[in-house]
Structures are given as C-alpha cells and as structure tokens.
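Per-entry structural report
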Amino acid sequence: MGKARRRDKETSLCSDDPKLYLEETVLERKLPDIDLRLLVEMPQGVDFNEWLASHTIAIFDNINLIYGTISEFCTMSECPDMSGPSFRTYLWVDEKGKKSRIAAPQYVDYVMTYIQKTIGDESNFPTKYGNEFPSNFESLARKILK
C-alpha cells in the first residue's frame, strides 16, 4: 500500500500542472522603480573598511556558490580557455608577472584560491579587536571584486 501511494505521489509531481515560476507574468517581473544605490548605501556610523570587507566576503561567498553549480559543465576539455564577452581571452598572471594561457577551471581555481588566501590573512582582513585595516585595503578589495 505504501508503494502505491508513493507512485501516485511521483505521478502527480510529473504531471502537466502549470509551474508558476515559468509563467510569463513571473518571468517578466522587474524590480520596482527604486534607486538601487539606496539598497547598497553604507549606513551612517559604520566604518567604511568594515562595510567594504563584509560585502567583499559576501560577494565572494555567493560567487563561490554559483560557480559550484556550473563547475561540472566547465571542464578542462570543454573550457580550454578563460574567455569572456566579445571573445576576450583572459590570461593568468603569476606572482612574477608571467602570463599564461590556462583552462577556465584552472583559472577560476587560481582566482578563488588567491581570494580565499587574501581574505583569510589577518593583515589584510583583520577580525581581531584593535587590528587595523591596511592602508591599501580599498585597492585590495577592488582587485578581489574585479
């Protein structure tokens, strides 16, 4: 009897019921007319570097999650180059300044490893009370966000 119920349940999940998330009215929805700058504005009384650090880490975490969902489709053979819009190919530049053409998964791995190491470095992203942000913190955050 339990199997029959399960089969009935599976059949109802695979039915041709309309899926609201695929309805045109939902797909065509837009953000309301709001100034997006208000949504990302730094609140008064918050240290600029603290605000920048928390958002940089949040963006990194979200990109890491997103990449995790597509990484199985971008393999060394499927994505032999790191390319972007307008057929632009990105080269990896190592710490000595040497440029290398590498596969997209390896490029992303290098970038994510660099960012994780940078964010985890207490001298770059201080977490302990009394530790200061480095004087070049904004340029460091810009490099990560780029």
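Further up the page is the structure itself.
So, a few notes on the structure that sits alongside this text. (Residues numbered from 1 in each chain as written. Predicted model: local features only at pLDDT ≥ 70, side-chain atom pairs only at ≥ 80, totals over all residues. Heavy atoms only, no water.)

1. Quick look at helix α5 (residues 104-120)
Helix length check: α5 (17 residues) gives 24 Å between terminal C-alpha atoms against 24 Å at 1.5 Å per residue, within 8%. What α5 keeps buried is the set A104, P105, Y107, V108, M112, I115, T118 and I119. Along the axis of α5, the buried positions cluster into a sector of 165°, meaning they face one direction only. The exposed residues of α5 that point more than 90 degrees off its buried face are K117 and G120. Along its buried surface, α5 packs onto α4 (48-70), β1 (82-84), β2 (88-90), β3 (92-93) and α6 (137-145). (Helix = DSSP H or I, 4+ residues; strand = E, 2+ residues; numbered from the N terminus. Expected span 1.5 Å × (residues − 1). Buried < 20%, exposed > 50% of the residue type's maximum accessible area, 1.4 Å probe, protein only. Arc of directions from axis to C-beta. Contact = heavy atoms within 4.5 Å.)

2. Overview of α4
Helix length check: α4 (23 residues) gives 33 Å between terminal C-alpha atoms against 33 Å at 1.5 Å per residue, within 8%. Those residues of α4 not exposed but buried are L52, A53, T56, F60 and Y67. Close packing links the buried residues of α4 with α5 and α6. Here α4 starts with a cap whose side-chain oxygen sits 3.2 Å from the backbone nitrogen of N49, and that cap is D47. (Polar contact = N/O pair within 3.5 Å; in protein donor to acceptor, adjacent residues only side chain to side chain.)

3. Concerning the packing of α4 against α6
When two helices pack together, their arrangement is given by the angle between their axes and by how far apart the axes lie. Their axes nearest at 10 Å, the elements α4 and α6 cross at an angle of 15°. If you check the angle between α4 and α6, you find them roughly parallel. Once α4 is placed against α6, the crossing between them reads as left-handed. Each of F48, N49, L52, A53, T56 and I59 in α4 lies in contact with α6, whose residues at this interface are F137, E138, A141, I144 and L145. In the contact of α4 with α6, the residues fall into 8 nonpolar, 2 polar and 1 charged. (Axes fitted to C-alpha atoms, helices over the stretch in contact; angles between N-to-C directions. Parallel < 35°, antiparallel > 145°, perpendicular 65-115°, else oblique. Left-handed = near helix turned anticlockwise from the far one by under 90°. Nonpolar A, V, L, I, M, F, W, Y, C, P; charged D, E, K, R; others polar.)

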